[in-house]
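Take a look at the letters that make up each chain.
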Amino acid sequence: MSAHSPLDSHSVILVFTLMSTLAAIFGTGTMLMTGIRTDASPWTRRAVEFASGLVFITSITATIVLGRVCYLTVLPLIQLGFMAYQVRQGHQACVRGAADPHRWTRDEIHSVAGLALGTLAFTSWHQGWLLAGGELRSFHSDLGYFIQMVEQLPEARIANGWTAVLGDRLRELPGQHDVWYHWGPMWLAVAVKTWLRDLPAIEALLIIAGSALNFGLLLATSAVVQTLCKTSRWRSLTVAAASLVAVQWLRAYGLLWIASWFPYGVVQHLRWTLTTMFSYKFEGLLVLTTLAAWLERRTLLAVLLLFWAGVSAPHTVGALGAMAGTLGLIGLVLKRPALWKTAGTIIAVLLTAWIVVTLVFGCGMPKADGQQLLSLDLENLRRSLRAAMIDSGIGLLVGALSLPGILHLIRSRDERATEESRTLGWIALSALLGSYAAYSFLHAMVDRFHFITLAQALLVLPAGVWGAARMAWWTRPPWLRWCGVALIVVTTGMGVHDVIWLRATDTRLPCTQSNVRAIRQVLQGRPFGFFSSNDRQWWIPKHTVIASLLESRCVRLNEIESKDAYSRYYGADLIHQLVPRQTHESNEAWSLRFAARLGVKHVLELPADPLPAAMKPFVKEVAQAGDLRLFEILTP
């Protein structure tokens, strides 16, 4: 447990930590990009430096913390090789004695500092947990799970889905290995905690890493907009911010009320943006920087950035692979070499990333052994094709506000349009159609909605705004210009409404700051268990939010006979390999052995999850704060 409590506001420390983090990322990225061509737009140059520094720091952190070569180790090696190649090519003028074109100007430093403070303020409000009157805001337990990962990764030294719950006990189980997943934000938070040890993991991840990723997303998206729209630095920043928040309808009055009209469900038609989807920010930053480099025809740099994004998470490979496959088919049908060549390059790069991660480094996929990704039964394929076509049609209708901007990119023929900008429009349209196809055909995957939501957040929703901005600035008919303005205003306004609405409607925790502070003082960072009859999967306990504020690891101690599809898909029986059930053993006896095996000596009782009566003879109460009661397990 750190001396710095997440229950108190420490604005000065957060500002210092964020500025130090950004300085480290930019400093590393500038060094690695020493030989890059310097005629890029200002936003692109800084975005590439930021992405490069971010990948290097997180990959080196993963290698050091895990204490061995892992699949991320390959990335800094490639970066160093690329740096040497650039310098050898003699692209940097300062090598020949001229002024350093990468040098930061005073205006640039002031702009970046102001942008950093703005992202910190927004992230602290959006991700914050402190409310007025001592109340505490609840947030999605996935984020609490990620926070527990930040705490346990250095101890467990395995990047696995069970790391957050089992900690170093995971190494005692045979066959456990790293799992290919979106660990990037967690490695950044681990790096931040290594730099400032007293910083709680919840602040390191949600506030510092979250602010840094929001900052990088604005840089990368501004670079894309500046190249597409040929506009000023601050105009491009404004459009970039709009494209990261814009949605196609108000979520508060969204699609759930007409869900019964959709033949294949409504989940695949819901929309999240990069502003609200924490899990997509790291890969989103890398993909958007890839687009920025590609639009400026930095082909080799774009290929490297795409490879880094592919290695970073399987989500990128899945979503962009589905898009590229669709793009290639469209290119072949329309006989457009620019489309199928671009698609072929993307597929080749993503396939290489998959080979490196899974075959070269033997990293596991995020699924249990024996789980299929695709059924090849002809009847299933026929039903999947029908579902894909119907859902794609529905997707085009519910996403109608994005289509004008995307179609403008495809059809634009003005003097500022390029083959790349038109291809970007096709990429966005292919992302929409391809993601629905992947969702339908890969029906065995329980979380296949990521294909659609990630593609929408990365490409479809932003591209709709980018195209609308080009309409507003560079089309001749006045009515088209006003249509572009209207689309931006409407979609951005709804996005801002959704961000505020989601924040305002968040639930409160069943405890206050003083309650948590009292329990935290007793626990002193030690893990605790709880009993529940309706928990999530075992490796993502539902009380991770409270655990994050307590700065302790939590784990459910009782078994639940779960028929949950997620548990089956990802594998739910690992606990019994660690603590097998004995013949005629009672539930209470097994729970006590399980707690002892994990080093859990305390049990937390919450209003919705009371301590079972059968467990009370084995514990004694050591603290009560409001509706929270903490028990200590008696030593037999």
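Not measured: the values here are computed from a predicted model.

A. Structural view of helix α18 (residues 478-504). Taking 1.5 Å per residue, 27 residues should reach 39 Å; α18 reaches 39 Å between its end C-alpha atoms and fits that length. Listing the buried residues of α18 in full gives Gly 484, Leu 487, Ile 488, Thr 491, Thr 492, Met 494, Gly 495, Asp 498, Val 499 and Arg 503. On its buried face, α18 sits against α4 (106-127), β1 (135-137), α9 (233-245), α15 (403-411) and α17 (449-474).

B. Expanded view of the sheet that holds strand β6 (residues 619-625). Sheet architecture is open: 5 strands sit in the order β4-β3-β5-β7-β6, paired in mixed fashion. Both edges of this open sheet fall to β4 (554-556) and β6, since each of them pairs with a single strand only. Within the sheet, the average angular offset between the axes of one strand and its neighbour, ignoring direction, is 30°. Sheet topology places strand β3 (residues 528-530) next to β4; 3 bridges connect them, and they run parallel.

C. View of the nonpolar core. Core analysis: the largest hydrophobic core is formed by 192 residues, its most contacted members being Leu 166, Trp 187, Leu 205 and Trp 466. Not counting chain neighbours up to four residues away, the residues in contact with Trp 466 comprise Thr 221, Val 224, Val 225, Leu 228, Cys 229, Val 239, Ser 243, Leu 288, Leu 291 and Leu 424. Judged by nonpolar contacts, the second largest core, of 6 residues, contains Phe 262, Val 266, Ile 394 and Val 398.

D. Fine view of the pattern of salt bridges. The full count for this structure, using the stated rule, is 22 salt bridges. Here Arg 46 ties to Glu 49 by a salt bridge, and the two come within 2.8 Å at their closest N and O atoms. With a gap of 3 residues between them, Arg 46 and Glu 49 both fall in helix α2 (residues 42-66), about one helical turn apart. Of the two residues examined, Arg 46 and Glu 49, each falls in the buried class. With a closest N to O distance of 3.3 Å, Arg 629 and Glu 605 form a salt bridge. With Arg 629 in strand β7 (residues 628-633) and Glu 605 in strand β5 (residues 602-605), this residue pair connects regions lying 24 residues apart in the sequence. With a relative accessible area of 9%, Glu 605 lands in the buried category. Within this structure, Arg 46, Glu 49, Glu 108 and Arg 233 form a network of salt bridges that share partners.

E. Structural view of the packing of helix α8 (residues 201-229) against α17. Interhelical geometry of α8 versus α17 gives an angle of 35° and a closest axis separation of 10 Å. Taken as a pair, α8 and α17 cross one another with a handedness that is right-handed. Of the residues in α17, those touching α8 at Thr 221, Val 224, Val 225, Leu 228 and Cys 229 are Trp 466, Ala 469, Arg 470, Trp 473 and Trp 474. Of the residues assigned to the contact of α8 with α17, the class counts are 8 nonpolar, 1 polar and 1 charged.

F. The environment of Arg 297, seen in detail. Within the secondary structure, Arg 297 sits in the loop between α10 (281-295) and α11 (299-312). A distance of 3.1 Å separates a polar atom in the side chain of Arg 297 from a polar atom in the side chain of Glu 420.

So, how was this worked out
- Residues numbered from 1 in each chain as written.
- Predicted model: local features only at pLDDT ≥ 70, side-chain atom pairs only at ≥ 80, totals over all residues.
- Heavy atoms only, no water.
- Helix = DSSP H or I, 4+ residues; strand = E, 2+ residues; numbered from the N terminus.
- Expected span 1.5 Å × (residues − 1).
- Buried < 20%, exposed > 50% of the residue type's maximum accessible area, 1.4 Å probe, protein only.
- Contact = heavy atoms within 4.5 Å.
- Pairing = 2+ DSSP bridges.
- Axes fitted to C-alpha atoms, helices over the stretch in contact; angles between N-to-C directions.
- Core = buried A, V, L, I, M, F, W, Y, C linked by side-chain atoms within 4.5 Å.
- Salt bridge = Lys/Arg side-chain N within 4 Å of Asp/Glu carboxyl O.
- Left-handed = near helix turned anticlockwise from the far one by under 90°.
- Nonpolar A, V, L, I, M, F, W, Y, C, P; charged D, E, K, R; others polar.
- Polar contact = N/O pair within 3.5 Å; in protein donor to acceptor, adjacent residues only side chain to side chain.

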